[in-house]
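# Per-entry structural report
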Amino acid sequence: MKKKLAIVFSMIFMFSALLFACSGIKLSAGPSADDTVYGNGGSAVIKGDYIYFANAYVASSELSNNDNQYDKKSAQTIYGIYRSKLDSDGNVVLDENGVPQGAEILSYNVGGFEQAQIYICGDWIYYTTPYTVKASDGSNNTGLVRIDRVKLDGTSHEQLSSNGEDGYTIKCKFNVVYVDGATYIVVSKESNDIDVIKCQGGKVSKYSLASGVSSYVVASQNVLEAGRKRPDVEKNIFYVKQNSTGASYEIVKKSLDGGDETSILINTNQPELVAMKNGRIYYTLDGQLYSTTDGSAEQTKSYLSLQLAGDESTAETISNYIILDDADGLDRGVVAVYYDGSTYCLLYQNGVNYQKISTQVQSEKKITLLASQRDEIYYQIEESSELYMIRLSIQFENSQFVLKRADDRVCIASSFTTLTSDYQTYDFDLEHFYTYEKVEESQLQYLKMYSIHSPKKSDDDKVIGQYIGLLSDSDAKLLAEEE
């Protein structure tokens with residue numbers, strides 16, 4: 001069933017490049033156009049042997065009107081977006097005092113804040129940046145978000161959304177999808193409407209895609225390989241809305257370019273979309289997790305045979321879960337945290353049954369899954385700052401995936417914290433985890449890198465990370481004293 005969704009506004013317009021001759025940036029060298037991108041969507045992205053990152057963190061509420069100007073004289077450039085060249089081991093070069101070297105500024109705009117998101121698509125970096133304006137009563141209206149882009153060499157800075165009328169705030173949801181040479185910036189607003197900013201070649205257009213949306217998913221593209229054709233499903237957005245009668249809900253599919261809707265699922269209860277991964281759409285309904293390709297019964301899988309808990313864990317429930325990456329187009333299932341009423345443990349579920357992962361991974365304190373990639377799961381335990389990794393061996397046998405082995409857990413950070421409970425202020429790629437941390441006695445939170453597979457240890461056997469960007473002179477001195 002197809003229905004036409006009314007376009008709230010459809011005017012397509014071109015954005016002029018906002019070039020600043022007096023503050024221009026032009027970096028030499030850089031990654032190859034054919035290099036793979038790792039870590040899209042967080043505070044740090046790697047392309048080739050260069051890392052692009054938000055240098056330091058500032059809460060959007062701390063910005064005043066006219067702060068965060070695209071100007072090298074701005075007081076907020078310490079929070080800007082920088083790049084550094086990585087050494088042969090994939091690390092930032094440090095001097096003898098442990099102070100990172102070689103960071104170059106790419107954008108004067110603030111990059112590190114609650115909704116820090118950096119994406120590399122083609123030869124452009126797209127990023128969110130916060131700002132504040134004066135309200136009509138003279139007070140500061142904080143927490144507003146703009147979307148900008150700049151080329152990988154720092155040239156051709158462009159502002160892609162306006163300073164106000166778009167209504168983009170830190171409470172919006174932002175995603176970027178890159179397919180067939182086009183970059184789609186998808187924004188879900190507090191009004192439950194969805195906007196798209198499309199960038200292709202020299203043309204930038206903006207349009208409303210949907211309204212009255214309760215949840216949506218687009219493709220997750222943490223890794224982008226040059227020349228790899230993206231699957232057709234990634235050209236679409238899936239979202240949930242009430243149908244025309246108001247008596248039920250439906251999941252619909254729509255092209256990111258707009259057009260007609262295709263109904264995927266209709267149910268009297270409200271489903272919630274949670275991910276587009278492995279060529280499938282994942283959603284929860286009535287406390288269960290399902291996935292589907294096109295909504296037909298034979299294509300739908302139930303992944304959690306145990307009930308999903310609400311805000312508080314109850315006995316015989318799943319408190320949180322994570323969807324595993326696929327293997328050659330085959331869906332490998334999920335890992336979930338199971339609570340039996342006294343103890344938390346990890347379960348592997350393949351869509352048919354579940355297996356307990358390891359007696360080592362169980363605790364009376366709540367376990368929180370942070371991420372997964374390839375065969376690795378990353379998690380923390382409540383009231384502990386350690387970040388753990390466990391590697392699974394999952395093999396395909398008798399038409400299904402089966403957990404064969406779980407390695408002993410490895411601590412990859414002895415002290416790993418996030419800055420806010422409401423927003424994800426950590427990030428990861430194939431080899432690193434990132435978070436913002438203070439140099440001792442400093443007031444600034446700088447981005448720090450932890451190695452997943454070659455963790456560095458201190459003299460007292462703590463797993464530590466390294467700062468990767470530009471430190472203030474005073475903080476570089478403090479770090480040298482720590483070392």
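This text goes with the structure placed above it.
These numbers come from a predicted model, not from an experiment.

If you tally the helices and strands in the protein, you get 1 helix and 41 strands. Taken over C-alpha atoms, the radius of gyration comes to 23 Å for the protein, in line with the 23 Å a tight globule of 483 residues would show. A buried classification covers 53% of the 483 residues belonging to the protein. The contacts of the protein with a sequence gap of at least 6 include a subset with a gap of at least 24, amounting to 50%. A total accessible area of about 21,200 Å² is found for the protein, and carbon and sulfur atoms account for 44% of it. Taking the 44 positively charged and 66 negatively charged side chains of the protein as two groups, their mean positions are separated by 6 Å.

Let us look at the sheet that holds strand β13 (residues 182–188). A sheet is described by the order of its strands in space; here 4 strands give the open sequence β12-β13-β14-β15, paired in antiparallel fashion. Each end of this open sheet is capped by a strand with a single partner; those strands are β12 (173–179) and β15 (203–210). Taking the axes of each pair of neighbouring strands and ignoring which way they run, one obtains an average angle of 20° across the sheet. Looking at chain direction, β12 and β13 are connected through 7 bridges and run antiparallel. By the bridge assignment, Asn-175 is partnered in β13 with Val-186.

Scanning the entire structure with this criterion turns up 16 aromatic pairs. For the ring pair Tyr-378 and Phe-433, a centre distance of 4.9 Å and an interplane angle of 65° mean the geometry is edge-to-face. You can see Tyr-378 sitting in strand β32 (residues 376–381) and its partner Phe-433 sitting in strand β37 (residues 432–438), a full 55 residues away along the chain. The burial state of Tyr-378 is the same as that of Phe-433; both residues are buried. Consider the rings of Phe-416 and Phe-433, whose centres lie 5.7 Å apart with planes at 80°: the pair is edge-to-face. A residue pair is termed long-range when its members are at least 10 positions apart, and Phe-416 in the loop between β35 (410–413) and β36 (427–428) and Phe-433 in strand β37 qualify at 17 residues. A relative accessible area of 0% places Phe-433 in the buried class. An aromatic cluster is present here, built from Tyr-378, Phe-416, Tyr-426, Phe-428, Phe-433 and Tyr-450 joined pairwise through their rings. Positioned above the aromatic ring of Tyr-388 is the side chain of Arg-409, whose terminal nitrogen or guanidinium carbon lies 4.1 Å from the ring centre.

Definitions and cut-offs
Every chain is numbered independently, its residues counted from 1 as its sequence is written. Whole-chain, interface and lining totals are the exception, using all residues; otherwise, since this is a predicted model, local features are given only for residues with pLDDT of at least 70 and side-chain atom pairs are given and counted only at 80 or more. Excluding hydrogens and water, the side-chain figures rest on all heavy atoms present in the structure. Secondary structure counts use DSSP, requiring at least four H or I residues in a row for a helix and at least two E residues in a row for a strand, with both numbered from the N terminus. Atoms considered for the radius of gyration are the C-alpha atoms alone. The globule rule reads 2.2 Å times the number of residues to the power 0.38. Burial classes follow relative accessibility: with a 1.4 Å probe on protein chains only, a residue under 20% of its type's maximum area counts as buried, one over 50% as exposed, and anything between as partly exposed. Contacts: residue pairs with any heavy atoms within 4.5 Å of one another. Per-residue and other accessible areas follow the Shrake-Rupley method at a 1.4 Å probe size, with only the shown protein chains counted as cover for residues. We treat Lys and Arg as the positive residues and Asp and Glu as the negative residues; His and chain ends play no part in the count. To locate a charge, the coordinates of NZ of Lys, CZ of Arg, CG of Asp or CD of Glu are taken. The pairing criterion for strands is at least two bridges between them, as found by DSSP. The axes used here are C-alpha line fits, helices contributing only the stretch in contact, and every angle between their N-to-C directions lies in the interval 0 to 180 degrees. Ring pairs are drawn from Phe, Tyr and Trp, using the six-membered ring of Trp, whenever the two centres fall within 6.5 Å, and their geometry is named by plane angle: stacked under 30 degrees, edge-to-face over 60, tilted for the rest. A ring is scored as having a charge over it whenever the NZ atom of a lysine or the CZ atom of an arginine sits within 6 Å of its centre and within 35 degrees of its normal.

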